[in-house]
Amino acid sequence: MTTGTDGGAGPAGGTPRQLRPTDVKRLNREWRRRTEGRLALLLDSVSQPFNVGSIVRTAAAFGVESVWLCGNTPDLDLPAVGKTALGTDRFLAAYREPSPAAAAKAAAEDGFRVVAVELASGAVPLFEAPLDGDVCLAIGNEDHGCSPALLAAVSSAAYIPQVGRVGSLNVAVAAAIALAEARRREWQLSPGDDVVTVVR
């Protein structure tokens, strides 16, 4: 079983098979060794517990260290949040801050570039967004998105391009796409790199 330049896992030849739990742990350790950037989240009135729990679980998978809970975002210890978070909230530091603008300021003071994921004027496509270094992604309410106060406080905004006839994504899905893109930027190998790690 190898991980090649694309970081994927698969057999040296033959039919792919699911990895054993010990193989998965080794694979995840490989990716952690290649990860230096800090990630954080700011949830601006993400009101549905199911969405918050899903976001938290994805955040834990991508190594998010902090999450600011703003407006009417439910607390992470709410049982309805736990149904989808499945205990992964223990891997994040959660801060309750009613004002999303104040939370954005706190994140910036902690060294994060705060980027709103929002269809807003001046927003750039996600693949062009400044996601290098330490980034805090600001995610807004399911219906009306990021508040004007938050948009005024962030350093930039990015949107997820869509080509289908549906004009929006579930907020937890949007957060997952943005987190994956932030990590992909860091993990992407420059041309000419040739890293092959054997996983036994």
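In this text, all values refer to a predicted model and were calculated from it rather than measured experimentally.

Analysis parameters
- Counting starts from 1 at the beginning of each chain's written sequence and moves along it residue by residue.
- Side-chain atom pairs in this predicted model are given and counted only at pLDDT of 80 or more, local residue features only at pLDDT of at least 70, and totals for whole chains, interfaces and linings cover all residues.
- For the side-chain quantities, the full set of heavy atoms in the structure was used; hydrogens and water were omitted.
- Secondary structure elements follow DSSP: runs of H or I of four or more residues count as helices, runs of E of two or more count as strands, with numbering from the N terminus.
- Only protein chains enter the area calculation, which uses a 1.4 Å probe; residues under 20% of their type maximum are buried, those over 50% are exposed, and those in between are partly exposed.
- Using a 1.4 Å probe, accessible areas were evaluated by the Shrake-Rupley method; residue-level cover was limited to the displayed protein chains.
- To estimate the expected span of a helix, count its residues, drop one, and scale the result by 1.5 Å.
- Note on ring pairs: Phe, Tyr and Trp rings are taken, using the six-membered ring of Trp, and paired if centres are within 6.5 Å. Classes follow the plane angle, with under 30 degrees stacked, over 60 edge-to-face and the rest tilted.
- We call a set of buried Ala, Val, Leu, Ile, Met, Phe, Trp, Tyr and Cys residues a nonpolar core when their side-chain atoms join them within 4.5 Å.
- We call two residues contacting when some pair of their heavy atoms lies within 4.5 Å.
- In this analysis, strands are considered paired if DSSP registers two or more bridges between them.
- Fitted lines through C-alpha atoms serve as axes, helices being fitted only where they are in contact, and the angles separating the N-to-C directions of these axes extend from 0 to 180 degrees.

(A) Looking closely at the overall build of the protein. Per the secondary structure count, the protein includes 6 helices and 10 strands. Of all 200 residues assigned to the protein, the portion counted as buried reaches 39%. Accessible surface for the protein amounts to roughly 10,800 Å². Of this, 53% is attributable to carbon and sulfur atoms.

(B) Molecular detail of helix 2 (residues 49–61). The end-to-end C-alpha separation of helix 2 is 18 Å, in line with the 18 Å expected for 13 residues at 1.5 Å each. Among the residues trailing helix 2, glycine 63 stands out with phi positive, at a value near 75°.

(C) Quick peek at the packing of aromatic side chains. Tallied over the full model, the rule gives 3 aromatic pairs. Judged by centre distance (6.3 Å) and plane angle (80°), the ring pair of tryptophan 68 and phenylalanine 112 falls under edge-to-face. Note that tryptophan 68 is positioned in strand 4 (residues 64–70) and phenylalanine 112 in the loop between helix 4 (100–109) and strand 6 (113–117), a separation of 44 residues in sequence. The class of tryptophan 68 is buried, set by a relative accessible area of 6%. Taken together through their ring pairs, the aromatic side chains of Trp68, Tyr95 and Phe112 make up a single cluster.

(D) Representation of the environment of alanine 104. Along the chain, alanine 104 falls in helix 4. According to the relative accessible area criterion, alanine 104 is buried, its value standing at 2%. Distance in space between the C-alpha atoms of alanine 104 and alanine 149 is 10.0 Å, their sequence separation being 45 residues.

(E) Structural view of the nonpolar core. In this structure, Leu41, Leu43, Leu131, Leu137 and Ile139 are the most contacted members of the largest nonpolar core, which totals 32 residues. At the level of secondary structure, the elements contributing two or more residues to this core comprise strand 3 (39–44), helix 2, strand 4, helix 3 (79–85), strand 6, strand 8 (135–139) and helix 6 (171–187). Examining the composition of this core, we find that 7 residues originate from one element, helix 6, more than from any other. If near-sequence neighbours (up to four positions away) are discounted, leucine 137 is found in contact with Ala40, Leu41, Leu42, Val115, Val117, Leu131, Ala178 and Leu179. Ranked by size, the runner-up nonpolar core spans 17 residues in total, among them Leu42, Trp68, Ala104 and Ala138.

(F) The arrangement of the environment of glycine 82 in detail. Relative to the assigned elements, glycine 82 resides in helix 3. On the basis of relative accessible area, glycine 82 is assigned to the partly exposed category, the value being 30%.

(G) Quick look at the side chain of threonine 84. The residue threonine 84 is located in helix 3 in this model. Of the residues examined, threonine 84 reaches a relative accessible area of 16% and is grouped as buried. Setting aside residues up to four positions removed in sequence, threonine 84 forms contacts with Pro49, Phe50, Gly53, Ser54 and Arg57.

(H) A look at the sheet that holds strand 5 (residues 93–96). As summarised here, the arrangement of the 7 strands in space is 5-4-3-8-6-9-7, forming an open sheet in which the pairing is parallel. Single-partner strands in this sheet number two, and they are strand 5 and strand 7 (124–125). As paired elements, strand 6 and strand 9 (residues 156–159) share 3 bridges and run parallel to each other. Bridge pairing in strand 9 links alanine 116 to alanine 157. Sitting on the sheet, helix 4 is in contact with strand 3, strand 4, strand 6 and strand 8, with an inclination near 155° to strand 4.

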